[in-house]
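# Remarks on the overall topology
For reference, the chains in residue letters:
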Amino acid sequence: MNSTVFMVFVLPFLLGAIVRVPVLRWEKGYLLSAVFLLLSAVIWIYTEYLVHHGVDGTVLLWAVMATEFTVGYIFVGVLTRLMKK
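Rules used in this analysis
Residues numbered from 1 in each chain as written. Predicted model: local features only at pLDDT ≥ 70, side-chain atom pairs only at ≥ 80, totals over all residues. Heavy atoms only, no water. Helix = DSSP H or I, 4+ residues; strand = E, 2+ residues; numbered from the N terminus. Buried < 20%, exposed > 50% of the residue type's maximum accessible area, 1.4 Å probe, protein only. Areas by Shrake-Rupley, 256 points an atom, 1.4 Å probe, with all protein chains shown as cover. Lys, Arg positive; Asp, Glu negative; His and termini not counted. Charge placed at Lys NZ, Arg CZ, Asp CG, Glu CD. Contact = heavy atoms within 4.5 Å. Expected span 1.5 Å × (residues − 1). Arc of directions from axis to C-beta.

### Points about the overall build of the protein
- Looking only at helices and strands, one finds 3 helices and 0 strands in the protein.
- The secondary structure elements of the protein, listed N-terminal to C-terminal, are α-α-α.
- Summarising its shape, the C-alpha atoms of the protein cover approximately 50 × 30 × 15 Å along the three principal directions.
- Burial analysis of the protein (85 residues in total) assigns 28% to the buried set.
- Here the protein displays about 6400 Å² of accessible surface, and carbon together with sulfur accounts for 74% of that area.
- Mean positive and mean negative side-chain charge positions of the protein (6 and 4 charges, respectively) differ by 22 Å.

Following this line, the structure appears as structure tokens:
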């Protein structure tokens, strides 16, 4: 696996999952999911209006990483909810 693929896709997903684990016992853990979703959406909207001055690629990578983090966070939450049922 390429190190760039790991840093952009796998590591944010794993960090999202790791951040979700301590919050599992908190009944309102979905609030953090909403915050992460909102943050990801804001970053994507921000990348839509950038002018090409050399930073677009970096900010786009941040948007992808924020989305992967959010997906990892929500994935662990859904998985634990399914295991409880």
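And the narrative resumes.
### Thoughts on the side chain of Ser40
- Tracing the backbone through its elements, the reader meets Ser40 in helix 2 (residues 30–48).
- If near-sequence neighbours (up to four positions away) are discounted, Ser40 is found in contact with Ala63, Ala66, Thr67 and Thr70.

### As for helix 2
- With 19 residues, helix 2 extends 27 Å between its outermost C-alpha atoms, agreeing within 8% with the 27 Å of an ideal straight helix rising 1.5 Å per residue.
- Taken together, the buried positions of helix 2 are Ser33, Phe36, Ser40, Ile43 and Thr47. Mapping the buried residues of helix 2 onto a view down its axis gives an arc of 95 degrees, with all of them on the same face. When the buried face of helix 2 is taken as reference, the exposed residues oriented beyond 90 degrees from it are Leu38, Ile45 and Glu48.

Fair warning: the whole summary comes from geometry, so function is off the table for now.
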